[in-house]
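An overview of the molecular structure
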Amino acid sequence: MHATHRMTLIAIVVASGMTPHASWSQQTVNATLLSDSIQLETHTVKAGRLTLDIRSDANNTMAHELVLIKTNLPDDALPASKGQVLEHKLKKIGEIEDVAPGKSKRASFTLAPGHYVLICNKPGHYAMGMHTALVVTP
Ligand SMILES: [Cu+2]
């Protein structure tokens, strides 16, 4: 399904004569929120404009969120207390709040090269495994 979609996109780009040049950096990444993980379509993107298309799995029993943090720490080693990551001790880039089960939200960020972490910081969710890493390359 995905592959077919990409092929169609490439075909359109070629047909319209658009040539993605070196600084082309408009990317969309699909993210799925599960109760015990955050699934990213890819963990490496180019610096520039990134749109996150976030879907909360229909089987979830409550709303989740996505907090984007720039840090060199591994995604499972952030400072936390009582089941929540201490966001004030970290460089928070942005947040998408309360994505209800089965619903989607999208948000865009302009990202510099570096190591980022995505978490859900609803109480206890980080400890349940709702975290993942994202690397932004120059
Ligand atoms: Cu959550």
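Thresholds applied
Residues numbered from 1 in each chain as written. Predicted model: local features only at pLDDT ≥ 70, side-chain atom pairs only at ≥ 80, totals over all residues. Heavy atoms only, no water. Helix = DSSP H or I, 4+ residues; strand = E, 2+ residues; numbered from the N terminus. Buried < 20%, exposed > 50% of the residue type's maximum accessible area, 1.4 Å probe, protein only. Contact = heavy atoms within 4.5 Å. Areas by Shrake-Rupley, 256 points an atom, 1.4 Å probe, with all protein chains shown as cover. Core = buried A, V, L, I, M, F, W, Y, C linked by side-chain atoms within 4.5 Å. Donors = N, O, S within 2.8 Å, 3.2 Å for Na, K, Ca; no water. Pairing = 2+ DSSP bridges. Axes fitted to C-alpha atoms, helices over the stretch in contact; angles between N-to-C directions. pLDDT = per-residue confidence, 0-100. Lys, Arg positive; Asp, Glu negative; His and termini not counted. Salt bridge = Lys/Arg side-chain N within 4 Å of Asp/Glu carboxyl O. Polar contact = N/O pair within 3.5 Å; in protein donor to acceptor, adjacent residues only side chain to side chain.

Summing up its helical and strand segments, the protein chain has two helices and eleven strands in all. Relative to its 138 residues, the protein chain shows a buried fraction of 38%. Restricting the contact set of the protein chain to residue pairs at least 6 apart, pairs at least 24 apart contribute 68%. With an accessible surface of roughly 7,900 Å², the protein chain has 57% of that area assigned to carbon and sulfur atoms.

Quick look at the nonpolar core now. In terms of nonpolar packing, the biggest core is built from 22 residues, with Leu52, Ile54, Leu66, Leu111 and Leu134 touching the most fellow members. Going through the elements one at a time, β1 (26–34), β2 (37–40), β4 (48–56), β5 (64–70), β8 (91–99), β9 (104–111), β10 (114–119) and β11 (131–137) are the ones with two or more residues in this core. Those residues in contact with Leu111, other than ones at most four positions away along the chain, are Ala47, Gly48, Leu50, Leu68, Ile93, Tyr116, Leu134 and Val136. By size, the runner-up hydrophobic cluster in this structure holds eight residues, among which are Val67, Ile69, Leu78 and Tyr126.

Let us now look at the coordination of the copper ion. Taken together, His64 (ND1), Cys120 (SG), His125 (ND1) and Met130 (SD) make up the full set of protein donors to the copper ion, lying 2.0 to 2.6 Å away. In terms of primary sequence, the donors binding the copper ion are separated according to H-x55-C-x4-H-x4-M. In this pair, His64 is assigned in strand β5 and Cys120 in the loop between β10 and α2 (125–128), connecting sequence segments 56 residues apart. Taken as a pair, His64 and Cys120 share a single burial class, namely buried.

Moving on to the sheet that holds β9. What the four strands build is an open sheet, ordered β2-β1-β4-β9; its pairing is mixed. Across the chains shown, the open sheet's two edge strands, defined by having one partner strand only, are β2 and β9. Strand-to-strand twist across the sheet, computed as the mean angle between neighbouring axes with direction ignored, equals 25°. Here four bridges tie β1 to β2, and the two strands are oriented antiparallel to one another. Bridge assignment links Thr32 to a residue of β2, and that residue is Gln39.

This brings us to the confidence of the model for the protein chain. For the protein chain, mean pLDDT is 88; residues scoring 70 or higher make up 83% of the total. Counting contacts from residues 8–17, a segment whose pLDDT is below 50, to residues more than four positions away or on other chains yields two contacts.

Relative to the assigned elements, Glu65 resides in strand β5. Among buried charged residues, Glu65 stands out as having no salt bridge; its nearest opposite-charge side chain is Lys122, 4.4 Å away. There is a polar contact of 2.9 Å between the side chain of Glu65 and the backbone nitrogen of Asn121. Leaving out residues up to four positions away in the same chain, Glu65 has contacts with Leu33, Glu95, Ile96, Glu97, Asp98, Ile119, Cys120, Asn121 and Lys122.

Attention shifts here to the sheet that holds strand β3 (residues 44–46). Paired through their backbone hydrogen bonds, the strands of a sheet run either parallel or antiparallel. Ordered in space as β3-β11-β10-β5-β8, the five strands form an open sheet in which the pairing is mixed. Every interior strand has two partners, whereas the edge strands, β3 and β8, have only one. Ignoring which end each strand starts from, the neighbouring axes of this sheet average 20° apart. Bridge analysis of β5 against β8 gives six bridges, and the strand direction is antiparallel. Bridge pairing in β8 links Leu68 to Gly94.

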